[in-house]
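Per-entry structural report
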Amino acid sequence: MIVRFLQWLFNLNRSVNYYAYINSPAWKNIARRCKVKAGMRCKRCGKSGTFYSLHAHHVTYSRLGHERLSDLECLCAECHERVSR
Ligand SMILES: [Zn+2]
């Protein structure tokens, strides 16, 4: 019982940290660089960021908080939804 509670607390803490990071200037900066590097287009379907919102998708979470640009892929909302499933 206590183990399950601690696991729950650990997961809660992890997701709180994740959401804090996703809203941080550091994340916004690298996400923007990812989109600029991709030419403001979705890497999968080529939709333009002028007409569609673009997301920086984590190819890997292994460097979460200090990602390299190669850890991210610029995707439109639709392709992001597809790869996240
Ligand atoms: Zn796309």
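**Points about the overall build of the protein**
Scanning the protein from terminus to terminus reveals three helices and two strands. Along the chain direction, N to C, the helices and strands of the protein fall in the order α-α-β-β-α. What you see for the protein is a C-alpha radius of gyration of 15 Å, clearly larger than the 12 Å of a compact globule of 85 residues, by over 25%. Projecting the C-alpha coordinates of the protein onto the three principal axes gives extents of approximately 50 × 25 × 20 Å. For the protein, buried positions account for 14% of its 85 residues. A sequence separation of at least 24 residues applies to 47% of the contacts in the protein between residues at least 6 apart.

**Considerations on the nonpolar core**
Listed in full, the nine residues of the largest apolar core are Cys34, Cys42, Leu54, Ala56, Leu72, Cys74, Leu75, Cys76 and Cys79. Residue assignment for this core shows that the elements contributing at least two residues are β1 (54–58) and β2 (72–76). It is β2 that contributes the most residues to this core, four residues altogether. Excluding anything up to four places from it in sequence, Leu72 contacts Ile30, Cys34, Ala56, His57, His58, Val59 and Glu67.

**A look at the pairing of β1**
Counting buried positions over the five residues of β1 gives four, a clear majority of the element. Alignment of β1 against β2, held across five bridges, turns out to be antiparallel. Following the sheet pairing, Ala56 is matched in β2 by Cys74.

**Here we look at the confidence of the model for the protein**
On average, residues of the protein score 94 in pLDDT, and 100% of them are at 70 or above. At the low end of the mean pLDDT range in the protein sits helix α1 (residues 2–22), at 89; at the high end sits β2, at 98.

**Description of unusual backbone geometry**
Residues other than glycine seldom take positive phi values, yet Met40 does so here, at roughly 55 degrees. Structurally, the position occupied by Met40 is in the loop between α2 (25–37) and β1. A tally of 15 C-beta atoms within 10 Å means that Met40 is categorised as partly exposed.

Rules behind the numbers
Residues numbered from 1 in each chain as written. Predicted model: local features only at pLDDT ≥ 70, side-chain atom pairs only at ≥ 80, totals over all residues. Helix = DSSP H or I, 4+ residues; strand = E, 2+ residues; numbered from the N terminus. Rg over C-alpha atoms; globule rule 2.2 N^0.38 Å. Buried ≥ 20, exposed ≤ 12 C-beta atoms within 10 Å, placed from the backbone. Contact = placed C-beta atoms within 7 Å. Core = buried A, V, L, I, M, F, W, Y, C linked by C-beta atoms within 7 Å. Pairing = 2+ DSSP bridges. pLDDT = per-residue confidence, 0-100.

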